[in-house]
Every structure is written in C-alpha cells, then in structure tokens.
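# Structure at a glance
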Protein chains: 2
Amino acid sequence: MESAEQERDVDGLMGQFHDYLGKKQLKSTKQRDVIARKFFATDGHLSIEELLALARAENPRIGYATVYRTLKLLTECGLAAQRRFGEGQAMYETAGDTEHHDHLICIECDHVLEFTNDEIERLQEQVARSFGFDLVRHKLELYGMCPKARGIKGGSCPREEAEARD
Amino acid sequence: MESAEQERDVDGLMGQFHDYLGKKQLKSTKQRDVIARKFFATDGHLSIEELLALARAENPRIGYATVYRTLKLLTECGLAAQRRFGEGQAMYETAGDTEHHDHLICIECDHVLEFTNDEIERLQEQVARSFGFDLVRHKLELYGMCPKARGIKGGSCPREEAEARD
DNA sequence: ATTTTTGCAAAATGTTTGCAGATAC
DNA sequence: GTATCTGCAAACATTTTGCAAAAAT
C-alpha cells in the first residue's frame, strides 16, 4: 500500500488536452487553458468553486459555466475524474498521469489520503468475475479517524500537518 | 463472497424506529409510519421520489418534505443508509437488520448487486491501520459489465432477470 | 394545553442551458 | 467568414426551511 504522490507534468497534460480538443474539432481558448493549467497544477481534490477562484486569480472574468464546461471536457478525455465524497458539491482530481488510487478519509478533520493496494484490487477482480462481471472500474473509500482525531499522544492529524505547511 | 439477500422483519424494524422516536421525544405519526413501513418492506434501493410514490399510494396527501425528514430520521438511527451511485439523486437502502455489504453495478443495465467479502474487509482494516487510522466505515463499489451486456451466449442480464420477475 | 409535525410554497444548493456578443480557426 | 466559445442570467433538479394549520402526547 504505497502512498501515491508524485510530480505532475503539467505541460504534458496540457498537450494531451489540446490533442483531445483538436481531435474533436473544439477550440483552444484562453479560459480553457487557464482552467486546465490551474487544475493540473493542483494536487489533491478541487471543487468547482475552488478551481473558479484559482482561474479568476488569473482572469477575473471567467464564469462558473466555463469551469463546469471545461471540467466536463477534461473528464471526457480522462484527464480529470469526478469524486463525490460526502454530501454537497462534486470534487475533481487529476487523472491520466496518475495511477489509479483509492481514498482514506478522516471523518473528523476531512483530510483525504490516497493509497493503492494490489491485493484488494485482485480480490475485487475475483468478486466481479464470480458474478460473471467484467470489472471496468471501482470506487473504494475508507472512512475513519486519523491518529490525532483519536487523541493518541504524539499522533498527528493529516489536515493539521497540511495546514502547517501552508 | 455471499450474495446478501434475506427476509426482512418489518415489524421489528418499525419497533426499532419507534424506540428511537421515543428516546428522542419525537412523535410517532401516521405519515412517518407509512413511509417507514414502505421503506422497510422494499428490497434494494429507493429514491425519495419512489418512496414518496409508495407512501402516496396509501396516503396521497403526504409531501416531499415529510419523506425527506423521515428518511433523515431513519438514517440518524441507523435504519437507513444513503448511497450516491452515479449522478442525480440519492438512493436509500435499509440498514440495521442487514449485514454490511458492498455493491456491484452493471454500467450497461444499471442493475445493482450486493456482495460481501471478508478478505477485502480485512485488508481494508489493514490499510487503515497502516496509516494510523481507526476504520469506521467504507464504501466499495465495483462497476463492470454483466454477462449479458458483454454479449456472452447464454449470459443473462441481472436487470432483465429482475424485470422478468415483476 | 403544549409541543411536535405536516404540507405547502419559497429558499437554498449545485449544475446545466439558451443566447447575444466575442473569439478561435 | 464560419463555427465554436464565453459570460451572464435564467432554468433546472434536488434538498432544506419557514410557517400556519393539524395532530400527537
């Protein structure tokens, strides 16, 4: 179960995005570029609202609709993936350059860690096959309490660590 | 990986619901009873809209808000669980009398099968522990193509089987 | 009698869409 | 030049809430 975090090749991803636009005879615009670039440059999970804020930092006239439409394009071409953790609005994360991963979410501090586990993946295949299914994809989310949330001495809360870094 | 389907003790569940209402000094009403009973009596997954329709068959004056509020109560006391598969509205399923289970969803016909797999559960615990987390709950959804959807001779689509039974 | 609940309609979310003007090809 | 895109506002879909009348304790 390796923690999945790595350098992201923003320019390469922008290239893939432009390829997709070209193939579909769609146009490459300033807005789409700003939104996609900000999106690719961000680790972790972004809401539409957060991405809009990032994009507006560069071009204040960008509207909600354009972010929604751009994120839909990115999802279509496999460069973004929509996630719905708890309630509320959808979150998006970069996909495509990243290996598949699952999520471990602290129910106390809401921080999201990513992980993969080959053994679980293998068993999932096995389950699907046992029902005659061809497994296409899956979603696995573990919800629990991080060490700090449990009040363990010396334990640290992933969210507080992350915030301390900012 | 046993298929999870069993008799449901509707009266027992109604009892649990009434106990909860009593404990919280909430009132037991005709509407809540109709909604809860219809909900408990239904296998599988129900949307608010479907449950409203079932309830209105018995009492046409029941409104959306009451269904939402009742389902929220049922969720609070652990007798219902909210699920969000793809997009759109939330689905609810009976919980409490039923063992935990995960979902296997056909991306072609949308039918949802339930399963459990102890080995996967064990590995999930292990992953959570390796990050210092106390695992509280999890969500595992497998998306794939059922035999019929894959066009295998003699294969059957779970949804078509289900519809044939109606 | 008091407190909670209901049903309605209005408000609050989160997301999509229609359209006139702007932009990319 | 033509087709697509943008930003806005309006439409939409789902869920929540305020309130006066109704029902439960």
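Note that this is a predicted model, so its numbers are computed, not measured.

Definitions and cut-offs
- Residues numbered from 1 in each chain as written.
- Chains lettered and ligands numbered in written order.
- Predicted model: local features only at pLDDT ≥ 70, side-chain atom pairs only at ≥ 80, totals over all residues.
- Heavy atoms only, no water.
- Axes fitted to C-alpha atoms, helices over the stretch in contact; angles between N-to-C directions.
- Helix = DSSP H or I, 4+ residues; strand = E, 2+ residues; numbered from the N terminus.
- Parallel < 35°, antiparallel > 145°, perpendicular 65-115°, else oblique.
- Left-handed = near helix turned anticlockwise from the far one by under 90°.
- Contact = heavy atoms within 4.5 Å.
- Buried area = accessible area lost by both parts, 1.4 Å probe.
- Salt bridge = Lys/Arg side-chain N within 4 Å of Asp/Glu carboxyl O.
- Near = heavy atom within 4 Å.
- Polar contact = N/O pair within 3.5 Å; in protein donor to acceptor, adjacent residues only side chain to side chain.
- Least-squares fit on C-alpha atoms with pLDDT ≥ 70 in both.
- UniProt positions renumbered as here; feature names shortened; annotations may be inferred.
- Buried < 20%, exposed > 50% of the residue type's maximum accessible area, 1.4 Å probe, protein only.

## Structural notes on the packing of helix 3 (residues 48-58) of chain B against helix 4 (residues 64-76) of chain B
All names here are of chain B.
- The geometry of helix 3 relative to helix 4 is characterised by a closest axis approach of 10 Å and an angle of 110° between their N-to-C directions. Considering the angle they form, helix 3 stands roughly perpendicular to helix 4. As helix 3 runs across helix 4, the sense of the crossing is right-handed. Here Ile48, Glu49, Leu51, Leu52 and Arg56 of helix 3 come into contact with helix 4, specifically with Tyr64, Val67, Tyr68 and Leu71.

## Observations regarding the interface of chain B and chain A
- Contact residues are listed per partner, giving 40 residues for chain B and 40 residues for chain A.
- Summed over both partners, the interface of chain B with chain A buries about 3,600 Å², with 69% contributed by carbon and sulfur atoms.
- Joining chain B to chain A, the criterion identifies one salt bridge.
- For Lys139 of chain B, the salt bridge identified is with Glu141 of chain A, shortest N-O distance 4.0 Å.
- Elements with a minimum of two residues in the side of chain B that touches chain A: strand 4 (102-106), strand 5 (112-115), helix 5 (118-130) and strand 6 (134-145) of chain B.
- It is strand 6 of chain B that contributes the most residues to the side of chain B that touches chain A, twelve residues altogether.

## Some points on the protein's contact with DNA strand C
- Of all residues adjacent to DNA strand C, which total 19 residues, the nearest are Tyr68 of chain A together with Lys27, Thr29, Gln31 and Arg32 of chain B.
- In DNA strand C, the atoms that sit within 4 Å of the protein are 72% sugar and phosphate, with bases accounting for the remainder.
- Within the side chain of Tyr68 of chain A, an N or O atom sits 2.7 Å from a phosphate oxygen of DNA strand C.
- Measuring from a base nitrogen of DNA strand C, one finds a side-chain N or O atom of Arg69 of chain B at 2.9 Å.
- Only helix 4 (64-76) of chain A together with helix 2 (30-41) and helix 4 of chain B provide two or more residues apiece to the surface near DNA strand C.

## Quick notes on the relation of the copies chain B and chain A
- With an RMSD of 0.1 Å, the fit of chain B onto chain A corresponds to turning through 180° and sliding 0.0 Å along the axis. Taken together, the turn and the small shift mark the pair as related by a two-fold rotation axis. Considering only C-alpha atoms, the residue of chain B closest to the rotation axis is Leu140 of chain B, which sits at 2.2 Å.
- A shared binding surface is used by both copies, with 100% of the interface residues of chain B retained as interface residues in chain A.

## Some words on the UniProt feature "binding site: Fe cation" (unreviewed entry) in chain A
Residues and elements named next belong to chain A.
- Taken from the UniProt record, the annotation "binding site: Fe cation" (unreviewed entry) applies to His100, Asp102, Glu121 and His138. A compact arrangement is adopted by the annotated residues: their sequence extent is 39 residues, whereas the largest C-alpha distance between any two is 10.4 Å.
- Assignment of secondary structure puts His100 in the loop between strand 3 (91-94) and strand 4 (102-106).
- In this view, His100 contacts Thr116, Glu121 and His138; residues no more than four positions away in its chain are not counted.
- Along the chain, Glu121 falls in helix 5 (residues 118-130).
- Note on Glu121: relative accessible area 22%, which makes it partly exposed.
- Excluding residues that lie within four positions of it along the chain, Glu121 makes contacts with His100, Asp102 and His138.

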